[in-house]
Amino acid sequence: MTGYNFYITLQEKVNKEYSDYLSPVKANRLMEDGAIRVIEDTYGKLIGMKEYEALSSLLVINYEITSFPINVNALPNNYTVLLAARPSYLTDIPFTYTDGKFYSDTHGLRVGDTLKLGAANVTVTEVRPRYFKIDTAYSSGTLSLVLTTTAVSDKVNAKNVFSTPTKYSPKFSIHYNPSTDVRSITITPQPSTVELDYLTRLPVAFDANDTATDLNTYYPDFFLTKVMDECVKNFAIRTKDTGFYQTSRQEIVDNP
Amino acid sequence: MTIDQIRELVRIGISAGVESTDSVLDDAAIEAMINDKRATIISTFLSQSKANRLSESWVQHVYFNCGLNPYQCKDTVVFECPRAIHINNELDGFVYVGNVNGIEPFTRLKTSFMNLSMLDSMSSKKRLLWYPDTDSVGNHGIVIRGNKFLEKIKISLIASNPMEVPSFRRDVDNYPVDAHVRDLLVDEVCNSFLKKLRGRTPDLTPDFTDTLAKKVNR
């Protein structure tokens, strides 16, 4: 279904008396508005595979960031809403290296731990109370233990001792800085890297004049149908037609 | 199961399965409650059981490599140590304090009974005596009398806060409970929070406004 097909179907679904209201320009605004509302509604219920699939072309998953704070306007594909932040923290391991063994009384490591040796990941293969070994040949450099956790949202109105963020329960918050005109995501305490999952704007707009782009490439049919129903309902609201509004709303209730 | 996993079980229990990166309950508050409830459950188990049986999975082991002699007293050494749980007048959470080989306990002062009192007869001829103590600046430790040159000991204990035990890695190590206690623990912590939340409309969408609840009730 192209944007033009969507526009024609939408025209057929609304009352012909109001055809003046559905010029391509007005239809574009109606479709964008409808899509945003459906996305917001679907995003609020991101608990099943169906919702994830509906928004699949708007989801950016595991996007890694190494500089902080994170400017949301600089994120790829037009950031809208943060879904999850998984920060990673590095802890340096003190050791003395001799003959394949890393001697340390306080390493606290476990077999299978991932360590950073420079930029490379290495794995701990053997652990004793006084030393440990790794799976990679070693010549020089520091070893750091990687701890990856999931950040929860910071609650501005909760400043008690329990809400103090630690690297085991980090927090994210989103602030606008008027002096730099930048909206940014802050993660406390600051990690070395973070993986973000977030929602973007529509990758392809609903354009009533577009006869080439197939919307199904980006959006599943059931998502397009919901956007259509939402557009019809919004049209009824704009034309202040109470009867039409009630039937269009009932259609959404019947086909959730 | 790590403390993080137990905490999320509690969170799922309280929120009826709805998971979110947003929550009205802080991680640290839930963890404090988990630690306290663990102590209560284990304490109840041990004080009600005539045989004083304890599960190995509740116990944490600490090896200390050097002690302090802060008082400059003859024959006294102090090893800093986390606090153990209280059980009753005769028992607390210290399971073993003694030689690092794990089979030569030192004799305890101040209490007449302990979990390993039956092993007293195995202790060495030259007896080392110990007791838990807190100094004037708040450091909690094990005071050992009998050998001021003592450098290495092993302590096994049911700690009040398992996170404070040196060598415990909270991100990978199993929280020191067995499955039975863990099950009780999650239920107890959920119930505690739900009791406190009772009477308030549920914040089904965690946005502090209870909008969904209002919609449902309307």
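What counts, and at which threshold
- Residues numbered from 1 in each chain as written.
- Chains lettered and ligands numbered in written order.
- Predicted model: local features only at pLDDT ≥ 70, side-chain atom pairs only at ≥ 80, totals over all residues.
- Helix = DSSP H or I, 4+ residues; strand = E, 2+ residues; numbered from the N terminus.
- Rg over C-alpha atoms; globule rule 2.2 N^0.38 Å.
- Buried ≥ 20, exposed ≤ 12 C-beta atoms within 10 Å, placed from the backbone.
- Contact = placed C-beta atoms within 7 Å.
- Pairing = 2+ DSSP bridges.
- Domains from an automatic or database assignment.

Observations concerning the overall build of chain A
1) Next: Assigned secondary structure in chain A consists of five helices and 13 strands.
2) Next: Whereas a compact globule of 256 residues would reach a radius of gyration of roughly 18 Å, chain A reaches 26 Å, over 25% beyond that.
3) Next: Principal axes of the C-alpha set define a box for chain A whose edges measure 85 × 40 × 35 Å.
4) Next: Counting over 256 residues, chain A shows a buried share of 24%.
5) Next: Here the analysis covers contacts within chain A between residues at least 6 apart in sequence; of these, 65% occur between residues at least 24 apart.

Side note on the overall build of chain B
1) Next: Looking only at helices and strands, chain B has four helices and seven strands in total.
2) Next: Looking at chain B as a whole, 30% of its 218 residues are labelled buried.
3) Next: Within chain B, contacts between residues at least 6 apart in sequence are counted, and of these 64% link residues at least 24 apart.

Some points on the pairing of strand S6 (residues 140–145) of chain B
Residue and element names in this part refer to chain B.
1) Next: Across five bridges, strand S2 (residues 76–80) lies against S6 in antiparallel orientation. Bridging across to S6, Glu80 finds its partner in Gly141.
2) Next: The sheet contact formed by strand S5 (residues 129–134) and S6 spans six bridges and is antiparallel. Bridge pairing in S6 links Leu129 to Arg145.
3) Next: Hairpin connection from S5 to S6: five residues lie between these consecutive antiparallel strands, with Gly138 at a positive phi of about 90°.

Side note on the domain arrangement of chain A
1) Next: Domain boundaries in chain A define domain 1 (3–56 + 206–254) and domain 2 (94–141).
2) Next: Taken over C-alpha atoms, the centre of domain 1 of chain A sits 58 Å from the centre of domain 2 of chain A.

Some points on the sheet that holds S2(B)
1) Next: Sheet architecture is open: four strands sit in the order S2-S6-S5-S4 (chain B), paired in mixed fashion. Each edge of the open sheet carries a strand with a single partner, namely S2 and strand S4 (107–108) of chain B.

Considerations on the sheet that holds strand S12 (residues 182–188) of chain A
Strand-to-strand pairing in sheets goes through backbone hydrogen bonds, with the strands running parallel or antiparallel.
Residue and element names in this part refer to chain A.
1) Next: Strand order in the open sheet formed by four strands is S2-S12-S11-S10, and the pairing between neighbours is mixed. The sheet is open, and its two borders are formed by strand S2 (70–71) and strand S10 (152–153), each paired with just one other strand.
2) Next: Direction of pairing for strand S11 (residues 171–177) relative to S12: antiparallel, over a ladder of seven bridges. Bridge pairing in S12 links Tyr176 to Arg183.

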